[in-house]
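# Architecture and fold: a report
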Protein chains: 2
Amino acid sequence: MSANCEFTTVLEILGGKWKPTIMYHLFSNGTMRFSELQRAMPEITKKMLTAQLRELEYHDIVHREIYQQIPPKVEYSMTEHGKGLTPVLMAMNDWGKAHLNHLSTLYGEEQPLNEAASNIEG
Amino acid sequence: MSANCEFTTVLEILGGKWKPTIMYHLFSNGTMRFSELQRAMPEITKKMLTAQLRELEYHDIVHREIYQQIPPKVEYSMTEHGKGLTPVLMAMNDWGKAHLNHLSTLYGEEQPLNEAASNIEG
DNA sequence: CTGGATCCAGCCCGATACTG
DNA sequence: CAGTATCGGGCTGGATCCAG
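What you are looking at is a predicted structure, and each value in this text was computed from that prediction instead of being measured. (Residues numbered from 1 in each chain as written. Chains lettered and ligands numbered in written order. Predicted model: local features only at pLDDT ≥ 70, side-chain atom pairs only at ≥ 80, totals over all residues. Heavy atoms only, no water.)

### So, the protein's contact with DNA strand D
By nearness alone, 21 residues border DNA strand D, and Lys46, Arg64 and Tyr76 of chain A together with Lys17 and Lys47 of chain B come closest of all. Here DNA strand D approaches the protein such that, of its atoms within 4 Å, sugar and phosphate make up 58%. Within the contact set of DNA strand D, a phosphate oxygen lies 2.8 Å away from a side-chain nitrogen or oxygen of Lys17 of chain B. Where the surface near DNA strand D is concerned, the elements lending two or more residues are helix 3 (34–40), helix 4 (46–58) and strand 3 (73–78) of chain A together with helix 4 (46–58) of chain B. Take the surface near DNA strand D: its biggest share by element is 4 residues, from helix 4 of chain A. Along the lines of polarity and charge, the residues of the surface near DNA strand D split into 8 nonpolar, 5 polar and 8 charged. (Near = heavy atom within 4 Å. Polar contact = N/O pair within 3.5 Å; in protein donor to acceptor, adjacent residues only side chain to side chain. Helix = DSSP H or I, 4+ residues; strand = E, 2+ residues; numbered from the N terminus. Nonpolar A, V, L, I, M, F, W, Y, C, P; charged D, E, K, R; others polar.)

Here is the structure:
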């Protein structure tokens, strides 16, 4: 019913603590190995990274390329369909910045960016 | 850095099962009473609607106007800051439609648009 | 009419250890 | 290198009842 469906669908896909960040890195770097993604997001555990990548793969957002070799090598990249999410991620990123600024204007000019900065660094 | 902060921030705000839908209705209708929102989203419970509205209010996304009278009357509307989320919601909605279409091309042509159309209508 | 309070099931997510 | 297995805490969200 009513647009709820679209929002719910989108939230199911990019909901989860790390999915947008994963997509952001894949957008920026094109193709990334598992370990590269891990290094790009030091806080995420392997379990979570695996789980979220599997979900994104299931929804045809990311492509998983397996190289049968020792040591193993797996590369992730955005599918064409997944690339369609770019506007959503951009809009989210833009508004996120605006919101962080807005917070500083609301809760004090003294430390306008310190708080935000402390949150920004991973 | 890592833009993780922006995404995490945005997801905290419009994460939750109903927030985007609530905002969508407030965008469309301008100002709505509690009971109107309930009617617009029959599936949501009062507890959840209240909780999510409080969170949106806390983040300065929605404004809560209380009329001191019996019976009580409370009106909700988007703040100027909250209206900045329009591009995000639009992008989400657009991609949600595209994704529903994409699903039908992946998993069967039989009911390509009917299902999506019935869901889109509001 | 607009909530608040309470109870409870389920899931998300993190820490740790193990594997081919 | 790229995962899986297991355990457990904390939060989310639903049902129900109560209140001003």
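### Concerning the domain arrangement of chain A
The accessible area lost on association of the parts is a frequent measure of interface size. Residues and elements named next belong to chain A. According to the domain assignment, chain A contains domain 1 (1–80) and domain 2 (85–122). At the interface, 7 residues of domain 1 touch 6 residues of domain 2. When residues in the side of domain 1 that touches domain 2 are grouped by element, the largest group, 4 residues, is from helix 2 (residues 19–29). Its residues assigned to classes, the side of domain 1 that touches domain 2 shows 6 nonpolar, no polar and 1 charged. (Domains from an automatic or database assignment. Contact = heavy atoms within 4.5 Å.)

### Some details on the nonpolar core
Membership of the largest hydrophobic core comes to 56 residues, with the highest contact counts inside it found for Leu14, Ile61 and Met92 of chain A together with Leu14, Ile61 and Met92 of chain B. Non-local contacts of Met92 of chain B, meaning those with residues more than four positions away in its chain, are made with Phe7, Val10, Leu11 and Val88 of chain A together with Leu14 and Pro20 of chain B. (Core = buried A, V, L, I, M, F, W, Y, C linked by side-chain atoms within 4.5 Å. Buried < 20%, exposed > 50% of the residue type's maximum accessible area, 1.4 Å probe, protein only.)

### Notes on the pairing of strand 3 of chain A
All names here are of chain A. With respect to burial, strand 3 is a largely interior element, 5 of its 6 residues being buried. Across 6 bridges, strand 2 (residues 62–67) lies against strand 3 in antiparallel orientation. Its bridge partner lying in strand 3, His63 is registered against Ser77. What sits between the antiparallel neighbours strand 2 and strand 3 is a turn of 5 residues. (Pairing = 2+ DSSP bridges.)

### So, the environment of Thr79 of chain B
All names here are of chain B. Following the sequence through the fold, Thr79 ends up in the loop between strand 3 (73–78) and helix 5 (80–83). Separated by 15 residues in sequence, Thr79 and Arg64 have C-alpha atoms that sit 9.4 Å apart. At 2.7 Å, the side chain of Thr79 and the backbone oxygen of Asp60 are in polar contact.

### Regarding the interface of chain A and chain B
The interface is formed by 45 residues belonging to chain A together with 45 residues belonging to chain B. When the buried area of chain A at its contact with chain B is split by residue, Glu6, Phe7 and Trp95 of chain A rank highest and sum to 20% of it. Our count for the contact surface shared by chain A and chain B stands at 0 salt bridges. Contributions of two or more residues to the side of chain A that touches chain B are made by helix 1 (4–14), helix 2, helix 6 (86–107) and helix 7 (114–120) of chain A. When residues of the side of chain A that touches chain B are assigned to their parent elements, the largest contribution, 15 residues, is made by helix 6 of chain A. A breakdown of the residues in the side of chain A that touches chain B according to their chemical character gives 25 nonpolar, 15 polar and 5 charged. (Buried area = accessible area lost by both parts, 1.4 Å probe. Salt bridge = Lys/Arg side-chain N within 4 Å of Asp/Glu carboxyl O.)

### Quick word on the protein's contact with DNA strand C
Close to DNA strand C lie 20 residues; Lys47 of chain A together with Ser35, Arg54, Arg64 and Tyr76 of chain B are nearest. The share of sugar and phosphate among atoms of DNA strand C within 4 Å of the protein is 67%. Interatomic distance of 2.9 Å between a backbone N/O atom of Lys17 of chain A and a phosphate oxygen of DNA strand C. One nitrogen or oxygen atom from the side chain of Arg33 of chain B is found 3.1 Å from a phosphate oxygen belonging to DNA strand C. Listed by contribution, the elements that provide at least two residues to the surface near DNA strand C are helix 4 of chain A together with helix 3 (34–40), helix 4 and strand 3 of chain B. In terms of residue count, helix 4 of chain B provides more of the surface near DNA strand C than any other element does, 4 residues in total. Looking at side-chain class alone, the surface near DNA strand C contains 8 nonpolar, 5 polar and 7 charged residues.

### As for helix 6 (residues 86–107) of chain B
Along an α-helix, residues three or four apart share an orientation, since each turn contains 3.6 residues. Look at helix 6 of chain B: 31 Å from first C-alpha to last across 22 residues, which is about the 32 Å you get at 1.5 Å a residue. Within helix 6 of chain B, the full set of buried residues consists of Val88, Leu89, Ala91, Met92, Asn93, Trp95, Gly96, His99, Leu100, His102 and Ser104 of chain B. (Expected span 1.5 Å × (residues − 1).)

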